[in-house]
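Residue-level structure breakdown
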Amino acid sequence: TGKIMPIYPSTYKLSQTAIRQAVENSLKMVESKLEDTLPEYLLSEYNLQGLEESLQKIHFPTSEGERLQARKRLVFEELLSLQLALLELKGQAETQDGICYAKDVKMSDVINNLPFKLTKAQLRVLEEIDKDMESPKVMNRLLQGDVGSGKTVVAMIATYKAVKSGYQVAVMAPTAILATQHLEEFQKILEPMGIRCALLLGATKKKEREQILEQLANGTIQVLIGTHALITDKVIFHKLGLVVTDEQHRFGVRQRVAISDKGINPDVLVMTATPIPRTLALILYGDLDISIIDELPPNRKKIETFAVTKRMEERVNNFICKNIDEGRQVYVVCPLVEEKEEVDIDEQKADLKAVKEWTQKYQEEIFTKYKVDCVYGKMKPKEKDEVMEKFKNGEIDILVSTTVIEVGVNVPNASVMVVENSERFGLAQLHQLRGRVGRGAYQSYCILKYDSHCSQVGRERMKTMQETNDGFVIAEKDLELRGTGEFFGTKQHGLPEFKIANLFVDMPMLKSVQSVALKIEAEDKGLKEEKNKKLRKLVDDRFNQSVAL
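What comes next concerns the included structure.

Scoring rules and cut-offs
Residues numbered from 1 in each chain as written. Predicted model: local features only at pLDDT ≥ 70, side-chain atom pairs only at ≥ 80, totals over all residues. Heavy atoms only, no water. Helix = DSSP H or I, 4+ residues; strand = E, 2+ residues; numbered from the N terminus. Buried < 20%, exposed > 50% of the residue type's maximum accessible area, 1.4 Å probe, protein only. Contact = heavy atoms within 4.5 Å. Areas by Shrake-Rupley, 256 points an atom, 1.4 Å probe, with all protein chains shown as cover. Salt bridge = Lys/Arg side-chain N within 4 Å of Asp/Glu carboxyl O. Phe/Tyr/Trp six-rings, centres within 6.5 Å; stacked < 30°, edge-to-face > 60°. Lys NZ or Arg CZ within 6 Å of the ring centre and 35° of its normal. Pairing = 2+ DSSP bridges. Axes fitted to C-alpha atoms, helices over the stretch in contact; angles between N-to-C directions. Core = buried A, V, L, I, M, F, W, Y, C linked by side-chain atoms within 4.5 Å. Left-handed = near helix turned anticlockwise from the far one by under 90°. Nonpolar A, V, L, I, M, F, W, Y, C, P; charged D, E, K, R; others polar.

1. A word on the overall build of the chain
Within the chain, the regular secondary structure consists of 21 helices and 13 strands. Among the 549 residues that make up the chain, the fraction classed as buried is 53%. Within the chain, residue pairs in contact and separated by at least 24 positions form 76% of the contacts whose partners lie at least 6 positions apart. Surface exposure of the chain reaches about 26200 Å², of which carbon and sulfur atoms provide 52%.

In structure tokens form, the structure reads like this:
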């Protein structure tokens, strides 16, 4: 065409020409009518273009240099508004008076009673939490730790301190299975110390629910563990002091706030096994302090990982049989569930099988002498829980599943994880799935089956999975391969989606914007001065939902 042409994400039968025409018309309609969203002093100090010019040139640049200048300006604005909003959230939290927990309630009372030794990383994190709990400000802490690094026991010890200081604790997990598992673990450690724990799920029977709610309101139940059911209006605590949410990426800011509102400024501990590179965590969770458990317990064996093509099918099947005959159990994860799910053209080569088909094939053709069952997202929660319970009790040899088993299920006897069409999964997801095995005393294996025609990115993922078991290394690589849109669903987070910024590519810009935001915040808290009027409006417009929450 002799000039640079924009190419837009399109949909069925919508041509590039039509989109370009629409964009061009829109830009003409607002010509010289757009008010800039950034104050003049920032534009000149950081050498940024005006809004109108940058919008014109991001769509229709005459040179690559023009496009980059326009992009710089728009990315700066997007990242700055995010940082200012998070600083505001953090500022609000810091001005609230929190609970000062009793200094004479010692975490060491539980630590010395545990049947195992804590790692140095766990002890360091507990020290940070202890300090937070004894200080008068509200604790807002993100606890990151790889699959199996022992986050739950850290939460239990914090729970002990809260209860023995006279408060109640709420523990919220994303699934009924995970909540039930937490209950068992909490009871094992805390009930001998005189702490009463209970479980509340959506499926809890009416009579039992009423009893739990009554005992919660009068303070007899000190620790309530459950799913979203904890957020409902009828759940009233006698004296809520600590809120623990597990697998934070499954809950939005909204749920975190809703449960906290059941107490008067309770401390909040948010746990996640989705490793987020530290720099990114500081930005996405700007309203939280961060603790990282960066070592695994000494008895954890490294999970052997193999990436294989379809040609190895028979060897893999023999390997599965060998493990089951030795008394172990196996997970098989497939990416799609319904027979007719749309697939991108370039992925149609991938030989996709639905979970139901796989299960049938395994039962009737390949593993006829073993017990095979399946779970998938669209099952009723009750059915799903029943199947998982059977698998946990060893009544199922092979569990075929979609990624519903990605989070938190603990079956120490399962030692093999097979992922079909593994090129279709992101790295972080593969790492989470791999973490479902290796939880017992047996050597565990993860077998990634991939299509030999898969893309370069797919091959890179396989290579990374075979080379490292470190969740943080994997997270960095995932971010590099996928960009941030998919890497971390900001939707659940309550933050607006990025329209142009890419946190991996724009990391240097992000760091400089962070210091700009801190400087503005220090000079004009709450953006009240005349010169920051535009910034105030920008933050409110982009974040009215999140900040209001």
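2. Notes on the pattern of salt bridges
The final tally for this structure, using the stated rule, is 25 salt bridges. Here Lys322 ties to Glu326 by a salt bridge, and the two come within 3.3 Å at their closest N and O atoms. Look at Glu326 and you get partly exposed, because its relative accessible area is 46%. The salt bridge partner of Glu523 is Lys531, with a shortest N-O separation of 4.0 Å. Where salt bridges share partners, they join Asp36, Arg73 and Glu77 into one cluster.

3. Let's talk about the packing of aromatic side chains
Aromatic rings considered in pairs are described by the distance between their centres and by the relative angle of their planes. This structure, assessed with the given rule, holds 7 aromatic pairs. Relative to Phe76, the ring of Tyr46 has its centre 5.5 Å away and its plane inclined at 35 degrees; by these criteria the two rings are tilted. With a gap of 30 residues between them, Tyr46 in the loop between helix 2 (40-45) and helix 3 (51-59) and Phe76 in helix 4 (residues 64-95) connect regions that are remote in the sequence. The exposure class of Phe76 is buried, given its relative accessible area of 3%. Geometrically, the ring pair formed by Tyr331 and Phe391 is tilted, given 5.0 Å between the ring centres and 55 degrees between the ring planes. Residue Tyr331 is found in strand 9 (residues 329-333), and its partner Phe391 is found in helix 14 (residues 381-392); the two are separated by 60 residues along the sequence. Residues Tyr331 and Phe391 agree in their burial class; the two are buried. An aromatic cluster is defined as three or more aromatic residues linked by ring pairs; in this entry it consists of Trp358, Tyr362, Phe367 and Tyr370. When the ring centre of Tyr442 is taken as origin, the NZ or CZ atom of Arg328, which lies over that ring, is 3.5 Å away. Positioned above the aromatic ring of Tyr41, the side-chain terminus of Lys531 is 4.7 Å from the ring centre.

4. Points about the pairing of strand 9
Counting buried residues in strand 9 gives 5 out of 5 residues, a clear majority hidden from the surface. On strand 9, burial covers both faces: Gln329, Tyr331 and Val333 on one face and Val330 and Val332 on the other are all buried. Examined bridge by bridge, strand 9 and strand 12 (residues 414-419) share 5 bridges and lie parallel to one another. Across the sheet, residue Gln329 finds its bridge partner in strand 12, namely Ala414. Alignment of strand 9 against strand 11 (residues 398-401), held across 4 bridges, turns out to be parallel. Within strand 11, the position partnered with Val330 by the bridge is Ile398.

5. Side note on the sheet that holds strand 5 (residues 240-245)
If you trace the 7 strands from one edge of the open sheet to the other, you get 3-4-2-5-6-1-7, paired in parallel fashion. Lying at the two open borders of the sheet, with one neighbouring strand each, are strand 3 (197-200) and strand 7 (289-293). Here the average twist between neighbouring strands, direction ignored, is 20 degrees. As paired elements, strand 2 (residues 168-172) and strand 5 share 5 bridges and run parallel to each other. By the bridge assignment for strand 5, Gln168 is matched with Leu240.

6. Comments concerning the nonpolar core
In this structure, Ile398 and Val400 are the most contacted members of the largest nonpolar core, which totals 50 residues. The element that contributes the greatest number of residues to this core is strand 12, accounting for 5 residues. If we skip the residues at most four places from it in the chain, Ile398 touches Ile320, Ile324, Val330, Val332, Tyr362, Phe367, Lys371, Val372 and Asp373. Judged by nonpolar contacts, the second largest core, of 46 residues, contains Ile99, Val105, Ala179 and Val223.

7. What about the packing of helix 15 (residues 427-434) against helix 16 (residues 456-467)?
Viewed as axis vectors pointing N to C, helix 15 and helix 16 meet at an angle of 35 degrees, and their least axial separation amounts to 10 Å. In the packing of helix 15 onto helix 16, the handedness of the crossing is right-handed. Packed against helix 15, whose contacting residues are Leu427, Leu430, His431 and Arg434, the element helix 16 presents Arg461, Met462, Thr464 and Met465 at the interface. Residues of the contact of helix 15 with helix 16, tallied by class, amount to 4 nonpolar, 2 polar and 2 charged.

8. Some thoughts on the environment of Met388
Positionally, Met388 belongs in helix 14. Taking the C-alpha atoms as reference points, Met388 and Ile177, separated by 211 residues in sequence, lie 7.8 Å from one another.

9. Description of the sheet that holds strand 13 (residues 445-449)
Overall, parallel pairing links the 6 strands, which are arranged 8-13-12-9-11-10 in an open sheet. Two strands bound the open sheet, and with one partner strand each, they are strand 8 (304-308) and strand 10 (372-375). Ignoring which end each strand starts from, the neighbouring axes of this sheet average 20 degrees apart. Contacts from helix 12 (residues 313-325) reach strand 8, strand 9, strand 11, strand 12 and strand 13, with the element oriented near 155 degrees to strand 13.

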